[in-house]
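Fold and geometry: a report
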Amino acid sequence: KTGWLEAAKGPGTGESITLTLDREITVDEIKIAPGYFDPKWWKSNNRIKDLSVIYDNKSLVLHFKDTMQMQKVKLNKDIHFSEITFEITGVFPSGKDNDTGISEIEFYYKGEKIEIDVSGVK
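A few points on the structure. (Residues numbered from 1 in each chain as written. Predicted model: local features only at pLDDT ≥ 70, side-chain atom pairs only at ≥ 80, totals over all residues. Heavy atoms only, no water.)

1. Section: a nonpolar patch on the surface
Inclusion rule: Surface patches are drawn from residues lacking salt bridges whose relative accessible area is over 30%; two like charges belong together within 9 Å, two nonpolar side chains (Val, Leu, Ile, Met, Phe, Trp, Tyr) within 5 Å. Using a 1.4 Å probe, the Shrake-Rupley method yields the accessible areas, and only the shown protein chains count as cover for residues. The salt bridge criterion pairs a side-chain nitrogen of Lys or Arg with a carboxyl oxygen of Asp or Glu, the two atoms within 4 Å. Here a helix means four or more residues in a row that DSSP labels H or I, a strand means two or more in a row labelled E, and each is numbered from the N terminus.
On the surface, a cluster of nonpolar side chains totalling about 260 Å² of accessible area is made up of L5, Y36 and W41. With respect to the helices, strands and loops of the structure, Y36 is situated in the loop between β2 (16-33) and β3 (47-55).

This is the structure:
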């Protein structure tokens, strides 16, 4: 229900999604479903290989395997933000549809999932 599939010309490199929160949060782990997680369409669309994460005038790059499963990235240090951007910097190409998706993003701190209300997001 919360997936995102970019539709720009090309593989989506440089396209981004930004999450703006009403409060600052601290995270030490991010879990991402790096592709369109529907078995029927998984290989038909590009999948995320690399994402640049921009927050509080800082950035880091996350790398993913080409598998249809949530992937956990344990951060080297806690990060704090009220706004965070995920920019596609590399994809596993499909050879068919040239769209790239993210099916889910989850944030964790000290093993606890941080719940974010996205009910009003369009």
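2. Topic: the layout of surface pockets
In plain terms, the rule: Think of a 1 Å grid over just the protein atoms. A cavity is a set of points where a 1.4 Å probe fits yet cannot get out, a pocket is an open set with protein on both sides within 12 Å along at least five of seven lines, and lining residues have an atom within 4 Å of a point. Grid points are joined across faces, edges and corners, and a volume is the space filled by probe spheres set on the points. Under the grouping applied here, Gly and all other residues not named as nonpolar or charged are polar, the nonpolar ones being Ala, Val, Leu, Ile, Met, Phe, Trp, Tyr, Cys and Pro and the charged ones Asp, Glu, Lys and Arg.
Its volume calculated, the second largest pocket comes out at about 170 Å³. For the second largest pocket, the lining is made up of eleven residues, of which T20, L21, D22, I116 and D117 are closest to its centre. Residue composition of the lining of the second largest pocket, grouped by class: five nonpolar, two polar and four charged.

3. A word on the pairing of β2
Put simply, the rule reads: Paired strands, as defined in this entry, are two strands with at least two bridges between them according to DSSP.
Relative to strand β5 (residues 71-92), β2 is paired through twelve bridges, and the arrangement is antiparallel. Counterpart to T20 in the pairing with β5 is E83. The pairing of β2 with strand β7 (residues 104-109) spans five bridges and is antiparallel. Its bridge partner lying in β7, E29 is registered against Y108.

4. Some thoughts on the pattern of salt bridges
Tallied over the entire structure, the rule returns five salt bridges. With a shortest N-O distance of 3.6 Å, D66 and K43 are connected by a salt bridge. In this pair, D66 is assigned in the loop between β4 (58-63) and β5 and K43 in the loop between β2 and β3, connecting sequence segments 23 residues apart. Across the pair K58 and D56 runs a salt bridge, and its minimum N-O distance is 3.7 Å.

The values are spatial; any link to function lies outside them.
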